[in-house]
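# Observations on the three-dimensional arrangement
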Amino acid sequence: MAAFMEVLDTSIANVALPYMAGNLGASNDQSTWILTSYLVSNAIVLPISGWFARLLGRRRFFLICLVIFTFSSLLCGLAPSLATIILCRVLQGAGGGALQPMAQAILADTFPPEKRGLAFALYGITVIVAPTVGPTLGGWITDNYSWRWIFYINVPVGILVFLLILRLIDDPPWAKAAAGVAAKIDYVGVSLLIIGVGSLQIMLDKGQEDDWFGSRFIVTLMVLAAAGLVGLVIWEWFHKDPIIDVRLYKNLNFLGANGMIFMLGLMLFSSLVAMPLFLQSLLGYTAESAGLVLSGGGLLLLALMPVVGVLSSKVQSRYLVAFGWSTLAIGMYISTKQVDLQISFASASVLRLVQVFGLGFLFVPINLSSYVGMPTEKSSNIAGLVNFWRNIGSSVGTSMVTTVVARRAQFHQWNLVWGTTDGNLLFTRMTEALARKLTAAGIDPHEAGRKAYGLVYNNVIAQATTLAYVDMYMVLAVGAAIMFALSFLLKKNQPGGGHVVAE
């Protein structure tokens, strides 16, 4: 419940930004910082959640984060200005950053290896379905009540979860023994983390808006991100008590699983953003109707996750991962053939089912693979890093969609306009026919000619943008195909267990 609530907040505010901007007296560009501020603080806390869990005790740390998240949600709803809500969103992101990895770590330690797959499947429902539900739920709440209620709804849920954790959750023996042990704060590591991850997240969120490397601001962020992250890895590798246990990456299987969870986040969010964006911008769908197209995919994932959880106790994880990537590649390739300006609501809904089918076979086995051969006492660190890379993948996927569509639309428009000249007989006949129809409708002949050219130009833009979406789906198909080939490099695991099987 805590993880679902937190993941929901990464997407539920998206559709409400114009309402927030108008109500708080801000521009649309300024209002995007409401999203960016949350994502930045969230991304910073994710990788160090294991260190905090070791320092404070996992249960205590979970409760503290839940209180911060719930109280800051209330403050976001009450915020009287843009500056106030951005500050509250920073607190909300910081509190929410640990809810996902702590939930996953608790599941990993609570359930024996033979039941861990099903436990991760239930957890995966929250992580995969919540972003799908978010925009639709946010649009419905905003249209029928107020944007402030998208934050207020967290309060009763947060209180209920707090009481349930007090009642039902306890730390394992090794966590109790480690809790309270004095540890020096790695100020250098924390500083490098804030600079590196913060700069990377802002760069991804603002890149297309600021024309990427045509902007000095984005170039500066890129340099800071590279310097901060490289410095962080080197510093933490040699530090005696690192806030991020980067030495876990000496296990190449764990490194590979992290790379795949990054790609899973990228694929999930890029396809999640692309479909409603295409429907709303080119076909005139409302946020609610576009959300309904996505809802079928969410229901399919709800049904698939438990099935994959059961299969994970019978089939090697890497085979499930390979199947997931192959079907995802096929689904994205089919999308390149199906996406056009004549696609119906029913066809778009079926296409979404095809797109997400492969995703259902990835989340659980990739997470299971990340624990193969890893010590039990590192479960909080593992969960923090796995969720961090999925989170970064989500940001890269969202940024990739806006960038690829914008750039490729320009390319295709440049190619298509060569056919819209007076030297092209087909173009001339088309504009003349349109002008005659407009004149027959009562429009002045001179104005009808101008409108005819305008209609053709609008059609060129729509076709160019559609081709850009086709290109984007092809990129995703190729990426999934590459992941299919790499999935066989994951180590064997005993189905229903968590240890490595000798090759």
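Structural notes, computed from the coordinates. Keep in mind that what you see is a predicted model, and the values were worked out from it rather than measured.

Below, the discussion takes up the side chain of Q92. Mapped onto the fold, Q92 is located in helix α7 (residues 82-96). The class for Q92 is buried, based on a relative accessible area of 0%. A polar side-chain atom of Q92 sits 2.7 Å from a polar atom in the side chain of D9. Sequence-distant contacts of Q92, that is, excluding residues within four places in its chain, are made with D9, Y38, F69, S72, S73, C76, F151 and N154.

Turning next to helix α8 (residues 99-110). The terminal C-alpha atoms of α8 lie 16 Å apart, and with 12 residues this matches the ideal 16 Å at 1.5 Å per residue to within 8%. Regarding α8, the residues found buried are L99, Q100, P101, M102, A103, Q104, A105, I106, L107 and A108.

We now examine the packing of helix α15 (residues 252-282) against helix α22 (residues 445-486). Across the interface, α15 lies against α22 with an axial gap of 11 Å and an inter-helix angle of 165 degrees. By the angle between their directions, the pair α15 and α22 is classed as roughly antiparallel. The two elements α15 and α22 cross, and the hand of that crossing is left-handed. Contact with α15, carried on its side by M260, M263, L266, M267, S270, S271, A274, M275, L277, F278, S281 and L282, involves A462, T465, T466, Y469, M472, Y473, L476, G479, A480, M483 and L486 of α22 and no other residues of that element. Of the residues assigned to the contact of α15 with α22, the class counts are 17 nonpolar, 6 polar and no charged.

Okay, the environment of G358 next. Along the chain, G358 falls in the loop between α18 (345-357) and α19 (363-370). You can call G358 buried: its relative accessible area is 0%. It is 5.0 Å that separates the C-alpha atoms of G358 and T327, two residues lying 31 residues apart in sequence. Apart from residues no more than four positions distant in its own chain, G358 is found in contact with G324, T327 and L328.

This part takes up the packing of aromatic side chains. Enumeration according to the criterion identifies 16 aromatic pairs in this entry. Where F120 meets Y371, the ring centres are 5.7 Å apart and the plane angle is 40 degrees; that geometry is what we call tilted. Residue F120 is found in helix α9 (residues 113-144), and its partner Y371 is found in the loop between α19 and α20 (379-416); the two are separated by 251 residues along the sequence. Across the pair, Y371 and F120 agree in class, each one buried. Judged by centre distance (5.1 Å) and plane angle (80 degrees), the ring pair of W149 and Y152 falls under edge-to-face. Separated by 3 residues within a single helix, W149 and Y152 lie in helix α10 (residues 149-152), roughly one turn from each other. Residue Y152 is classed as buried on the basis of its relative accessible area of 19%.

Reading guide: rules and limits
Residues numbered from 1 in each chain as written. Predicted model: local features only at pLDDT ≥ 70, side-chain atom pairs only at ≥ 80, totals over all residues. Heavy atoms only, no water. Helix = DSSP H or I, 4+ residues; strand = E, 2+ residues; numbered from the N terminus. Buried < 20%, exposed > 50% of the residue type's maximum accessible area, 1.4 Å probe, protein only. Polar contact = N/O pair within 3.5 Å; in protein donor to acceptor, adjacent residues only side chain to side chain. Contact = heavy atoms within 4.5 Å. Expected span 1.5 Å × (residues − 1). Axes fitted to C-alpha atoms, helices over the stretch in contact; angles between N-to-C directions. Parallel < 35°, antiparallel > 145°, perpendicular 65-115°, else oblique. Left-handed = near helix turned anticlockwise from the far one by under 90°. Nonpolar A, V, L, I, M, F, W, Y, C, P; charged D, E, K, R; others polar. Phe/Tyr/Trp six-rings, centres within 6.5 Å; stacked < 30°, edge-to-face > 60°.

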